[in-house]
Amino acid sequence: MSIEISVLRGRIENAAEAVGPLWPLRTFNSANPLSGFETLPFDEAVQRAGHLFRGRGYPSPTTFRHAWERGAIQPNLLRDRLKKHDITSKPEETLATMEANDVPSTAAPSDQRLNRLMSKWLAAFFDHGQAAWPMPNRADGFFASWRILAPFDRDIPGIRQTSDLPSTKLDAFIEALDGVPESEWETIFTHHLAALPGWVGLIRWQERGTAKEWGKAKPITLGGYLAVRLTLARLLDEPLLPEDATANGRVHPDDASLPAIWLSAWEETYRQGLLDDLATSAHQPTKETGRPDAQLVFCIDVRSEIIRRHLEATGPYETHGYAGFFGIPMEHEAYAPEGEVGERVKACPPIVDPRHRIAERVAPNRSEEAERYNGWAGLNAARQKLVKTLKNDVAAAFGFVEGSGGLFGVAMALRTLLPHKIYDWIQSANERIPRPSSFTEVTVDRDESLDEEDALAVGLSDQVKVVYAEAAFRLMGWTETFAPIVVFTGHGSQTPNNPFKSSLDCGACAGNPGGPNARVLAAICNDSDVRDALRDRGIDIPDDTVFLAGEHNTTTDEVRLYVDEENPPVDADALARLRADLTKAREKAAAERVGTMDAQLLSDPSRETERRAADWSETRPEWGLAGNAAFIVGPRRLTNDLDLDGRSFLHSYDWRVDESGTALETILTGPLVVGEWINMQYYFSTVDNAVYGSGSKITHNVSGKVGVVQGNGGDLMTGLPLQSLYLDDDVPYHDPLRLFAVLHAPVERVGMILQRQDTLKRLFDHEWVALTVMDPQQDNTLLRYEPGGTWASVMSDDRTVPELLPEAEPTS
């Protein structure tokens, strides 16, 4: 048998479409676990994926019952939808039908033994510093390194020496596929790739080439994975395609149309309420306001909505929403003492490639603070290295445990019983020890002397600085009225002992805090040459406006400003007032958020958030983006009088200064798409936490510092933990609703964008995201986009002629 490599690669690539990429824990990014099915209508996609991954596609009857009993689903809406599908039963009866027919979503696959064996080898290969004795020869690739060690694995039958195994990956395929028609290859490959979507997702992430050092140290491809797996299947006498892998039909015996109808009614209940509020707000007379004391730009993240609302209520402040990487596609290099290299991380969305390297360097006249920091950092690094050595050394481990047990016991007791004291201690230490952000500056200016071979260019050219600054203001529709103080506010979380910390940081910064990006844009906007160029382009920033950077701690709601305390660039009194009002806003925001959690210190919300930020046993330091359901693009005056309950992404936009629609198109193809990824991750992690989420944190184990497994091994978990989504084992906090996009823009402009953006249009046509436009040129009339390209009035059933799109296009 011979195999053409190009044909084999093509079949593998086609099969791999079913599995989406999975980011490692360090930069855990939100992603739709069913991204490979987005070319299909939502209902068809969840059914096909359910068959492949054995997961549920719609909320469980229990979830629907909780929503029904608390009034989250309007009975009239649900009855109308049931009637449209010729279902005459009462809602309670249909719910009882779903409950009676409901079955557990998972069942052990017939080739589970093969999965266990593959997981063991993949965990060894991918280890990123956790193992004391790493797997040898990894630089040769997964298949080659496995082939050398496989004869020593007693779980693999019939192998005594390396020569008993295929010499190359191609030989492995030739032996495994001997006698199998080529027409069946893709089905076989799809089954074996989907059997371990976590590990395969990690391979897909590595194949994207964004982590070159990973690729050099431990190269692996889907072909290598399949070569090993198919060889093991043959040795274990497992069928290449188990019978249960080819069975057709729905995974769940219940009528899928009922969950779809219930979900639709639930979503419509929420959406109608939101649109009613927005419509009321849009028809309110515009308030005349003077120049605000300060303007703060927050990430579009749903958590920002709460702190923004409370800050605006404290005084003359304006807030704006913009993607948390502030439009800077960069790689951030953290500060490191001279002679060392700081950690470099991607600091832009997963759909964007970084173009610049921005490093932290000691600012002029700050070397003394840097020396103090270096001393403490050196001591801490030496301590960590010593402890690790003593723990891992065979001879020293017993003595270390005997000698240090008491000390570690006291530390554990303090961390467990008095976490808020630990928070105080950390804060005190931070005040005494300089932070890199206080004595460094970012390398915004282009500096060729710092460039390295095969690395990104350091800094930004003058022209690029102007482009990024102008893009930021154009996308926000903000070209006039600048306050004396403008703060770009990134965000990050604070949580110990939490493998999923990066999922709580800024998704637009690849799961990292957004403070560094805020510093870069603030530095750009303070550049006099940039301001001159912006003035020529119609954006006139007053001379007394100063741009600052800050970071919103989403766990405690504290907003920390990056300001030179010895020489503040703004009026000291104004700065003090801003800080005082930020503290007030923090207290109110903390009270609102703590009320939704099982708080221990409910009478002191801010203190409760500090406890959660320091408690190493806290499984839920914050809710993250749980509750997200809407994406609103429009001016802040449309929403600033509304309590959106922390459920809406808010992107500032003014249609009046975007005649070409370029800004809106950028928002829809960038931030909105990322919002859909986040929304789908929360949706599927909620509807089937065991399959699309990551299960309970209680039984989590970190594998190789790259992912999390349940118990002592198995596939990497791909989604969010149970505690990030559920109040308890059965009651979800997050309402699993698909994203609802509301655009304040002329409908004609939106239609033209959809004509140009097929991928975007497909998300709406296939009902992964719903879309409604509030057209300011038609007295803010609300128009709902319907699959195929038509628009319907939200307030009536009158359908508009599909003039905006030439003709209805197929939805698949």
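These figures come from a predicted structure and were not determined experimentally.

**Q** What is the right way to look at the pattern of salt bridges in this model?
**A** Counting across every chain of the model gives 59 salt bridges. With its nearest N and O atoms 2.8 Å apart, the salt bridge here joins Arg537 to Glu470. On the criterion of sequence distance, the pair formed by Arg537 in the loop between α22 (528–536) and β9 (546–553) and Glu470 in helix α19 (residues 462–476) is long-range, its members being 67 residues apart. Judged by its relative accessible area of 39%, Arg537 falls in the partly exposed class.

**Q** Can you help me understand the packing of aromatic side chains in this one?
**A** Where two aromatic rings form a pair, the distance of their centres and the angle of their planes describe that pair. Under the defined criterion, the tally for this structure stands at 33 aromatic pairs. Plain terms: the ring middles of Trp623 and Tyr733 are 3.9 Å apart, the flat faces sit at 10° to each other, and that makes the pair stacked. Of this pair, Trp623 sits in the loop between α24 (605–614) and β11 (630–634) while Tyr733 is found in the loop between β14 (707–710) and β15 (739–744), placing the two residues 110 residues apart along the sequence. Lying over the aromatic face of Trp214, Lys218 brings its terminal NZ or CZ to 4.9 Å of the ring centre.

**Q** Honestly, the pairing of strand β3 (residues 330–333) in this entry has me stumped. Any pointers?
**A** Here is the key point about a regular strand: its side chains alternate between the two faces of the sheet. The side-chain alternation of β3 yields two buried faces, one formed by Met330 and His332 and the other by Glu331 and Glu333. Relative to strand β4 (residues 344–347), β3 runs antiparallel, the two sharing four bridges. Residue His332 lies in a different strand from β4, and its bridge partner there is Val345. In the sheet, β3 pairs with strand β5 (residues 356–362) via four bridges, with the strands oriented parallel. Paired with Met330 across the two strands is His356, which belongs to β5.

**Q** Is there a simple way to explain the nonpolar core in this structure?
**A** When a protein is soluble and globular, its nonpolar side chains tend to lie buried together. Grouped together as the largest cluster of nonpolar side chains are 197 residues, with contacts concentrated most on Leu122, Phe173, Phe189, Phe473, Phe488, Phe684 and Leu771. Take this core: its biggest share by element is 12 residues, from helix α13 (residues 257–282). The contacts of Phe189, once residues within four sequence positions are left out, are Leu8, Arg11, Ile12, Ala15, Phe173, Leu177, Leu226 and Leu230. With 20 residues, the next largest nonpolar core counts Ala294, Tyr317, Val487 and Leu578 among its residues.

**Q** How do you make sense of the packing of helix α5 (residues 91–101) against α13 when you look at a structure like this?
**A** Helix packing for two helices is described by the angle between their axes and how far apart those axes are. Relative orientation of the contacting elements α5 and α13 amounts to 130°, with a least axis distance of 10 Å. Classified by the angle their axes make, α5 and α13 are oblique. Note on packing geometry: the crossing formed by α5 with α13 is left-handed. Contacts between α5 and α13 involve Pro91, Thr94, Leu95, Thr97 and Met98 from the first element and Leu258, Pro259 and Trp262 from the second. Looking at side-chain class alone, the contact of α5 with α13 contains six nonpolar, two polar and no charged residues.

**Q** Help me out: how do you make sense of the sheet that holds strand β12 (residues 648–652) in this one?
**A** Here we have six strands laid out as an open sheet, ordered β12-β11-β15-β16-β17-β18, and mixed in their pairing. Each end of this open sheet is capped by a strand with a single partner; those strands are β12 and β18 (790–793). Neighbour to neighbour, the strand axes of the sheet diverge by 25° on average, direction disregarded. Both β11 and β15 contribute to a ladder of four bridges, which runs parallel. Note on β15: the bridge partner recorded for Ile632 is Val742. The strands that helix α25 (residues 662–669) touches are β11, β12 and β15; relative to β11, the one it contacts most, it runs at about 165°.

**Q** Could you clarify how one ought to interpret the sheet that holds strand β8 (residues 485–492) in this entry?
**A** Taken together, five strands build an open sheet; the order of strands is β2-β1-β8-β9-β10 and the sheet is mixed. The sheet is open, and its two borders are formed by β2 (317–322) and β10 (559–562), each paired with just one other strand. Shown here is a sheet whose adjacent strand axes are inclined to one another by a mean of 30°, direction ignored. Where strand β1 (residues 294–299) meets β2, six bridges bridge the pair, whose relative direction is parallel. Paired with Leu296 across the strands is Thr319, a residue of β2.

**Q** How do you make sense of the UniProt feature "binding site: Zn(2+)" (unreviewed entry) in the chain when you look at a structure like this?
**A** As annotated by UniProt and renumbered to match this structure, "binding site: Zn(2+)" (unreviewed entry) occupies Cys299, Asp301, His491 and Cys506. Annotated residues spanning 208 residues; largest pairwise C-alpha distance 9.1 Å, indicating a single compact cluster. Along the chain, Asp301 turns up in the loop between β1 and α14 (302–314). The exposure class of Asp301 is buried, given its relative accessible area of 6%.

**Q** What am I meant to see in the packing of helix α4 (residues 75–84) against α13 here?
**A** Contact geometry for α4 and α13: axes closest at 9 Å, N-to-C directions at 140°. Overall, the two elements α4 and α13 adopt an arrangement that is oblique. Seen along the crossing, α4 lies across α13 with a hand that is right-handed. Side by side, α4 and α13 meet where Leu77, Leu78, Arg81 and Leu82 of the first sit next to Leu258, Ile261, Trp262, Ser264, Ala265, Glu268, Thr269 and Gln272 of the second. The residue makeup of the contact of α4 with α13, split by class, is seven nonpolar, three polar and two charged.

Cut-off values and rules
Residues numbered from 1 in each chain as written. Predicted model: local features only at pLDDT ≥ 70, side-chain atom pairs only at ≥ 80, totals over all residues. Heavy atoms only, no water. Salt bridge = Lys/Arg side-chain N within 4 Å of Asp/Glu carboxyl O. Helix = DSSP H or I, 4+ residues; strand = E, 2+ residues; numbered from the N terminus. Buried < 20%, exposed > 50% of the residue type's maximum accessible area, 1.4 Å probe, protein only. Phe/Tyr/Trp six-rings, centres within 6.5 Å; stacked < 30°, edge-to-face > 60°. Lys NZ or Arg CZ within 6 Å of the ring centre and 35° of its normal. Pairing = 2+ DSSP bridges. Core = buried A, V, L, I, M, F, W, Y, C linked by side-chain atoms within 4.5 Å. Contact = heavy atoms within 4.5 Å. Axes fitted to C-alpha atoms, helices over the stretch in contact; angles between N-to-C directions. Parallel < 35°, antiparallel > 145°, perpendicular 65-115°, else oblique. Left-handed = near helix turned anticlockwise from the far one by under 90°. Nonpolar A, V, L, I, M, F, W, Y, C, P; charged D, E, K, R; others polar. UniProt positions renumbered as here; feature names shortened; annotations may be inferred.

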